[in-house]
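Residue-level listing of the chains:
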Amino acid sequence: MKAFTLLTVFTLIASAQASVAYEVVGETRSCQVKTKILKRVTRDRSDLLVIHGRDVYQLGLVRRSEREEYYSSFTGAPAPLGKMTFEARLVHPHMSSLSELRIYLSGARLSCFIDG
């Protein structure tokens, strides 16, 4: 019975991990803050991961249209001083405009294009 329970738990964990897909969106190269952006897609949700140095920030999907997706890391509460928050606009590849990442840090706003 222990072996069956262990096998069931292992199967559930493995199937949950197998349903996660990661896609490299790009980098902010021509910006003061260098980041890498990944898109994580599961069955029921889509998130962006912004990697800056050793820090990883998660942005949740705010809205989606047929041309663009909007993501944000804002939680409603003001961010502590010195902590970065983000907004991202991803444009589908067949569109002519570029994807953009906005970085907010201590009252300053940086708008950076994402090189794919």
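Higher on the page you've got the structure.
First, a word on what this report is: a plain description of the structure on this page. None of the values given here were measured: they were computed from a predicted structure.

## A word on the sheet that holds strand β4 (residues 55-64)
The eight strands lie next to each other as β1-β2-β3-β4-β5-β6-β7-β8, forming an open sheet whose pairing is antiparallel. One side of each edge strand has no neighbouring strand; the edge strands of this open sheet are β1 (21-27) and β8 (108-113). Along the sheet, successive strands turn relative to each other by an average axial angle of 25 degrees, direction set aside. In this structure, strand β2 (residues 36-41) lies alongside strand β3 (residues 46-52), joined through six bridges in antiparallel fashion. Bridge assignment links I37 to a residue of β3, and that residue is V50.

## A short note on the side chain of E100
Inspection of the secondary structure assignment puts E100 in strand β7 (residues 100-105). For E100, a relative accessible area of 14% puts it in the buried group. Discounting residues that sit within four places of it in the chain, E100 has contacts with E87, A88, R89, S111, C112, F113 and I114.

Criteria and thresholds
- Residues numbered from 1 in each chain as written.
- Predicted model: local features only at pLDDT ≥ 70, side-chain atom pairs only at ≥ 80, totals over all residues.
- Heavy atoms only, no water.
- Pairing = 2+ DSSP bridges.
- Helix = DSSP H or I, 4+ residues; strand = E, 2+ residues; numbered from the N terminus.
- Axes fitted to C-alpha atoms, helices over the stretch in contact; angles between N-to-C directions.
- Buried < 20%, exposed > 50% of the residue type's maximum accessible area, 1.4 Å probe, protein only.
- Contact = heavy atoms within 4.5 Å.

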